[in-house]
Amino acid sequence: MGYEALDFYDVDSLLTDEERMIRDVVRDWVDESVIPKIENACREGVFLDEWRQELGGMGILGAPLKGYGCPGLSYTAYGVICRELERGDSGIRSFASVQGSLAMYPIWDFGSEEQKEKYLPGMASGELIGCFGLTEPDYGSNPGDMVTKAEEDDDHYILNGAKMWITNGTIADLAVVWAKLDGVIRGFIVEKGDEGFSAPEMKGKHSLKASVTSELVFQDCKIPKDRILPGVKGLRGPFSCLNNARYGISWGAVGAAQSCFDSARSYAMSRIQFDHPIAAYQLVQNKLAWMLREITKAQLLAYHLGVKKDSGEWVPEHISLAKMNNVDIALEIARVARDIHGANGILDEYPVMRHMANLESVKTYEGTHDIHNLILGRHITGIQAFTREA
Amino acid sequence: MKVAVLIKQVPDTTARISIAGGSVDEGSISKWTISPYDEYALEAALKLQSESGAKVVAITLGPQRSSKSLIDAAAVGADELIHVLYEGSSGSLSLQGALAAAVRKSEADIVLAGKQAADTNSGSTAPGVAQMLGLPCVGLVSEVKAVDGNFVATRSTSSGMERVSVNGPCVFAFDKGDEELRRPNVRGIMMAKKKPIESLSPADLGVSMEDGGVNVESVGYPPEKPAGQTFQGAASASEVVTKLREEANVI
């Protein structure tokens with residue numbers, strides 16, 4: 001039985017023909033190149049290099065960016081791509097999110113003309129991998145207090161500090177690193193092989209196992225002056241990247257939830273207990289109906305947010321709501337799907353436990369669930385509750 | 001050089017098929033796709049395009065929805081698109097006549113098509129079109145190359161591989177080959193939407209769809225499989241072995 005994407009309200013009928021074609025291309029690719037290989041990749045803890053090449057070959061990296069060899073698609077198309085990738089695995093979608101929204105986007109929006117021409121075409125084609133260094137061991141939800149710093153030294157900058165939880169770090173050809181220069185957060189492009197830069201991989205994850213997660217270590221790391229991103233100062237830089245990545249996640253989570261629903265429905269239809277498929281029992285139907293309800297709502301949220309992104313009529317709080325809600329329900333759907341699968345649900349024959357473990361990370365990265373609640377709380381009340389200091 | 005590829009839109013192999021009133025209920029089919037053997041023909045045409053500079057013209061015949069298969073062909077690189085727009089159903093002779101007229105209009109030098117469509121499996125289109133165009137037809141090919149003004153096709157036979165050289169216009173009917181089918185990329189998809197589709201009615205082509213020659217009378221579900229047989233206990237072993245050997249012919 002092939003994958004049947006739940007789309008109860010036929011939300012995809014609102015997409016353009018091209019968006020549907022792109023959806024089909026990515027969905028077919030996930031069927032052919034991700035699903036048969038993902039469990040083994042997770043066991044071995046690797047992101048397959050062929051995925052990088054094929055994602056680049058499909059021309060979907062940096063989807064909404066225009067020019068410099070980038071695809072120039074709508075934000076809605078970008079969302080659809082994220083959804084289809086995450087139906088395969090959150091790790092694959094993470095690769096694409098980091099590459100496009102966190103590494104390509106800041107170069108595209110804040111980089112110099114030379115930087116755009118040097119990096120973006122290779123990143124769009126997948127020849128160059130990017131990563132994004134914001135989070136530090138002691139500064140996660142509070143990136144503004146980061147300690148990584150840059151100092152001027154003649155015709156160079158010298159970076160010192162460490163970043164942590166960096167997707168793609170070890171395999172990246174370049175890193176967009178945020179560090180304080182004279183107390184102001186600035187973006188810097190650090191290339192693999194730069195003196196004083198290393199990116200050891202973090203091992204032992206129970207989640208996103210087919211995705212590379214790394215530390216970035218800067219010990220008197222020396223980079224030329226032309227590697228600073230000239231176009232932005234302060235937290236606005238990294239936050240505008242995160243807005244785009246979080247937007248993609250709000251779609252991606254729908255894909256993971258659809259995968260769990262598809263597996264749970266077909267398992268419930270074929271698993272016989274007490275002489276009947278378990279789908280014939282009210283408790284199981286209740287769970288499936290709840291999953292359908294939440295997925296349908298999440299789809300509508302993601303789609304409408306896409307429309308707003310494309311029209312430019314959005315605020316970051318809109319993205320917070322969708323990221324928080326959709327990841328939250330996807331994680332809960334994965335748990336309920338595991339429950340419907342009974343003991344079989346823990347096996348890698350089914351995708352549900354993998355999605356569940358992945359979504360624990362997705363709930364936390366790119367603004368934790370709680371931080372997004374605080375963003376909404378501030379929006380509602382006008383009172384920030386992130387810190388005890390006003 | 002111009003290569004015409006005949007493309008048929010068929011229900012996706014994963015789509016559920018239901019039958020109403022002796023024919024397939026098309027309204028119930030959720031997903032349509034290019035017939036898989038036609039995809040091999042298209043791939044071979046695109047190879048001729050990249051290796052020998054051929055122009056590829058994709059031709060389909062069918063209702064409005066089937067223009068999607070032309071856009072899919074454009075997304076992987078087809079240069080020209082011709083849609084013989086026909087909402088009705090007809091017999092194979094008139095369908096072949098309309099396709100042959102479209103090929104003639106395209107001024108293609110050779111024609112590539114799947115050996116059979118995934119829905120009807122009749123296998124008559126390629127030889128039928130060849131007959132109407134007065135061209136030879138080489139069937140079950142997996143590859144066609146342009147070599148010194150000739151076309152050299154590779155066919156798989158029961159005893160190995162056969163190479164067939166044709167020194168003029170020809171219709172080639174494709175079997176599944178070893179070629180990996182190219183996947184459209186986003187750039188191709190965005191370009192495809194700008195490519196015009198030449199839409200022609202059978203009348204535009206001077207073809208009547210009245211006398212189809214061969215018509216499908218009705219379709220039905222395959223007969224249900226008889227229930228399996230159950231054997232229990234060691235004593236039944238010899239009976240099972242006998243049945244496996246004599247009835248199932250598997251040992």
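Structure's up top.
Here the structure is a predicted model, which is why all the values come from computation and not from measurement.

Thresholds applied
Every chain's residues receive numbers from 1 upward, in the order its sequence appears when written. Written order decides the labels, with chains lettered from A and ligands numbered from 1. Only residues with pLDDT of 70 or above have their local features reported here, since the model is predicted, and side-chain atom pairs are shown and tallied only from 80 upward, although totals for entire chains, interfaces and linings are computed over all residues. Remark: hydrogens and water are excluded; side-chain values derive from all non-hydrogen atoms of the structure. Residues are treated as being in contact if the distance between any of their heavy atoms lies within 4.5 Å. Throughout, buried area stands for the accessible area (probe radius 1.4 Å) lost by two parts on being put together, summed over both. In protein, a polar contact requires one atom able to donate a hydrogen and another able to accept it; more generally it is a pair of N or O atoms within 3.5 Å, and residues adjacent in sequence count only if both atoms are side-chain atoms. For this scheme, ten residues count as nonpolar: Ala, Val, Leu, Ile, Met, Phe, Trp, Tyr, Cys and Pro. Four count as charged, namely Asp, Glu, Lys and Arg, and the remainder, Gly too, count as polar. Aromatic pairs are defined between Phe, Tyr and Trp rings, using the six-membered ring for Trp, whenever the two ring centres lie within 6.5 Å; interplanar angles under 30 degrees are classed as stacked, those over 60 as edge-to-face, and all others as tilted. Secondary structure follows DSSP: runs of H or I at least 4 residues long count as helices, runs of E at least 2 residues long count as strands, and numbering of each begins at the N terminus. Summary of the burial criterion: residues with accessible area below 20% of their type's maximum are buried, those above 50% are exposed, and those between are partly exposed, where the area comes from a 1.4 Å probe applied to protein chains only. Strands qualify as paired when DSSP identifies two bridges or more between them. What counts as an axis is a line fitted to C-alpha atoms, over the stretch in contact for a helix, and the angles between N-to-C directions run from 0 to 180 degrees. The working definition used for a salt bridge is a side-chain nitrogen of Lys or Arg within 4 Å of a carboxyl oxygen of Asp or Glu. What is meant by a nonpolar core is a set of buried Ala, Val, Leu, Ile, Met, Phe, Trp, Tyr and Cys residues, joined one to another through side-chain atoms within 4.5 Å. To be clear, the arc concerns the directions from the helix axis to the C-beta atoms. Residues enter a patch when their relative accessible area is above 30% and they make no salt bridge; the linking distance is 9 Å between like charges and 5 Å between nonpolar side chains (Val, Leu, Ile, Met, Phe, Trp, Tyr). The Shrake-Rupley method, run with a 1.4 Å probe, gives the accessible areas here. Residue values count only the displayed protein chains as cover. Angle categories: roughly parallel below 35 degrees, roughly antiparallel above 145, roughly perpendicular from 65 to 115, and oblique for all the rest. Note on convention: near helix rotated counterclockwise from far helix by under a right angle means a left-handed crossing. Clockwise means right-handed. When two cysteine sulfur atoms are found within 2.5 Å, that pair is recorded as a disulfide.

Trainee: How would you explain the interface of chain B and chain A if you had to name every residue and give the values?
Mentor: Counting from both sides, the interface comprises 14 residues of chain B and, opposite them, 17 residues of chain A. In total, about 1300 Å² of surface goes out of reach between chain B and chain A, with carbon and sulfur atoms giving 63% of it. Sorting the residues of chain B by area buried against chain A places Arg183, Val186 and Ile189 of chain B first, and these three jointly supply 46% of that buried surface. One can count two residue pairs in polar contact (both at pLDDT 80 or more) joining chain B with chain A. Here the side of chain B that touches chain A is composed, by residue class, of six nonpolar, one polar and seven charged.

Trainee: Before we move on, could you go through the packing of aromatic side chains and cite the residues and values that matter?
Mentor: All names here are of chain A. Evaluated as defined, the whole model comprises 11 aromatic pairs over all chains. On the numbers, 4.4 Å between centres and 15 degrees between planes, the contact of phenylalanine 47 with phenylalanine 95 is stacked. Highlighted residues: phenylalanine 47 in the loop between helix 1 (17–44) and helix 2 (49–58) and phenylalanine 95 in helix 4 (residues 90–110), separated in sequence by 48 residues. For the pair phenylalanine 47 and phenylalanine 95, one class covers both residues: buried. The interplanar angle of 90 degrees and the centroid separation of 5.6 Å between the aromatic rings of tyrosine 267 and tyrosine 350 together place this pair among those described as edge-to-face. On the criterion of sequence distance, the pair formed by tyrosine 267 in helix 6 (residues 236–270) and tyrosine 350 in the loop between helix 8 (316–340) and helix 9 (352–364) is long-range, its members being 83 residues apart. Here the two residues tyrosine 267 and tyrosine 350 agree in accessibility, since each one is buried.

Trainee: Run through the sheet that holds strand 11 (residues 160–166) of chain B, naming residues and quoting values.
Mentor: Residues and elements named next belong to chain B. The strand order across the open sheet formed by nine strands is 11-10-9-12-8-1-6-7-13, and the pairing between neighbours is mixed. Two strands lie at the open edges of the sheet, namely strand 11 and strand 13 (197–200), each paired on one side alone. Strand-to-strand twist across the sheet, computed as the mean angle between neighbouring axes with direction ignored, equals 30 degrees. In the packing of helix 3 (residues 92–106) onto the sheet, the strands contacted are strand 1 (2–7), strand 6 (55–62), strand 7 (80–85), strand 8 (110–114) and strand 13, and the crossing angle to strand 6 comes to about 155 degrees.

Trainee: Requested: an account of the pattern of salt bridges, with residues and values cited.
Mentor: Per the stated rule, a full pass over the model turns up 39 salt bridges over all chains. We note a salt bridge from glutamate 18 of chain A to lysine 193 of chain B, for which the minimum N-O separation is 3.7 Å. In this pair, glutamate 18 of chain A sits in helix 1 while lysine 193 of chain B sits in the loop between helix 5 (186–192) and strand 13, so the two residues belong to two different chains. On the basis of relative accessible area, lysine 193 of chain B is assigned to the partly exposed category, the value being 46%. Several salt bridges share partner residues, and in doing so they unite Asp12, Arg23, Asp24, Arg27, Arg83 and Glu84 of chain A into one network.

Trainee: Just give me the short version of the nonpolar core, but keep the residues and values in it.
Mentor: Counting residues in each nonpolar core, the largest one holds 120 residues, and the members touching the most others are Leu55 and Trp178 of chain A together with Leu112 and Phe172 of chain B. Leaving out residues up to four positions away in the same chain, leucine 55 of chain A has contacts with Trp29, Phe47, Ile60, Leu61, Leu85, Ile92 and Phe95 of chain A. Core analysis: the second largest hydrophobic core is formed by 34 residues, Ala257, Ala298, Val336 and Val352 of chain A among them.

Trainee: Provide a residue-level description of the pairing of strand 1 of chain B, including the pertinent values.
Mentor: Residue and element names in this part refer to chain B. For strand 1, the buried fraction is high: six of the six residues fall into the buried class. With burial as the criterion, each face of strand 1 is covered, one bearing Lys2, Ala4 and Leu6 and the other bearing Val3, Val5 and Ile7. Taken together, the six bridges between strand 1 and strand 6 define a ladder with parallel strand orientation. Bridge pairing links isoleucine 7 to threonine 60 in strand 6. Two strands pair when backbone bridges link them, and strand 1 and strand 8 are joined in this way by four bridges, in the parallel orientation. By the bridge assignment for strand 8, leucine 6 is matched with alanine 113.

Trainee: How would you sum up the environment of proline 184 of chain B? Please name residues and give values.
Mentor: Following the sequence through the fold, proline 184 of chain B ends up in the loop between strand 12 (170–174) and helix 5. Apart from residues no more than four positions distant in its own chain, proline 184 of chain B is found in contact with Val25 of chain A together with Ala75, Val76 and Ile189 of chain B.

Trainee: Before we move on, could you go through helix 2 of chain A and cite the residues and values that matter?
Mentor: Taken as a whole, helix 2 of chain A has its buried residues at Trp51, Arg52, Leu55, Gly56 and Met58 of chain A. Taken down its axis, helix 2 of chain A places every buried residue within 165 degrees of arc, on the same side. Buried residues in helix 2 of chain A make contact with helix 1, helix 3 (75–88), helix 4 and helix 5 (113–124) of chain A together with helix 5 of chain B. Just beyond helix 2 of chain A, the residue with positive phi is glycine 59 of chain A, at close to 75 degrees.

Trainee: I'd like a description of a nonpolar patch on the surface, backed by residues and values.
Mentor: Residues and elements named next belong to chain B. A cluster of nonpolar side chains, contributed by Ile17, Val24, Val216 and Val219, occupies part of the molecular surface with about 310 Å² of accessible area. Here valine 219 lies in the loop between strand 13 and helix 6 (237–246). The class for valine 219 is partly exposed, based on a relative accessible area of 33%.

Trainee: So what's going on with unusual backbone geometry? Residues and values would help.
Mentor: A positive phi angle, near 50 degrees, is found at leucine 208 of chain A, a position not held by glycine. Classification of leucine 208 of chain A by relative accessible area gives buried; the value is 5%. Even without glycine at this site, glutamate 107 of chain B takes up a positive phi of about 60 degrees. Examined against the element boundaries, glutamate 107 of chain B turns out to sit in the loop between helix 3 and strand 8.

Trainee: Help me get a handle on the environment of glutamate 201 of chain A, residues and values and all.
Mentor: All names here are of chain A. Relative to the assigned elements, glutamate 201 resides in the loop between strand 6 (197–198) and strand 7 (213–224). Overall, glutamate 201 belongs to the partly exposed group, its relative accessible area being 29%. For glutamate 201 and histidine 379, which are 178 residues apart along the polypeptide, the C-alpha to C-alpha distance reads 38 Å. The contact partners of glutamate 201, leaving out residues within four places of it in the chain, are Gly45, Thr170, Val212, Thr213 and Ser214.

Trainee: Could you give an account of the packing of helix 4 of chain A against helix 5 of chain A, with specific residues and numbers?
Mentor: Residue and element names in this part refer to chain A. At a closest axis distance of 9 Å, the pairing of helix 4 and helix 5 adopts a crossing angle of 160 degrees. By the angle between their axes, helix 4 is roughly antiparallel relative to helix 5. Relative to helix 5, helix 4 is oriented so that their crossing is left-handed. Contacts from Gln99, Ala103, Met104, Ile107 and Trp108 in helix 4 reach Gln115, Lys116, Tyr119, Leu120, Met123 and Ala124 in helix 5. When the residues that make up the contact of helix 4 with helix 5 are grouped by side-chain class, the tally is eight nonpolar, two polar and one charged.

Trainee: Would you mind going over the side chain of histidine 372 of chain A in detail, with residue names and values included?
Mentor: Inspection of the secondary structure puts histidine 372 of chain A in helix 10 (residues 369–381). With sequence-adjacent residues up to four places away left out, histidine 372 of chain A is seen in contact with Arg246, Ser320, Lys323, Met324, Glu366 and Gly367 of chain A.

Trainee: An account of the state of the cysteines is needed here, citing residue identities and associated values.
Mentor: Inspection of the entire model under this criterion finds zero disulfides over all chains. Cysteine 42 of chain A forms no disulfide, and the closest cysteine sulfur to it belongs to cysteine 260 of chain A, at a distance of 13 Å. A relative accessible area of 7% places cysteine 42 of chain A in the buried class. Distance from the sulfur of cysteine 170 of chain B, which forms no disulfide, to the nearest cysteine sulfur (cysteine 137 of chain B) is 6.5 Å. With a relative accessible area of 0%, cysteine 170 of chain B lands in the buried category.

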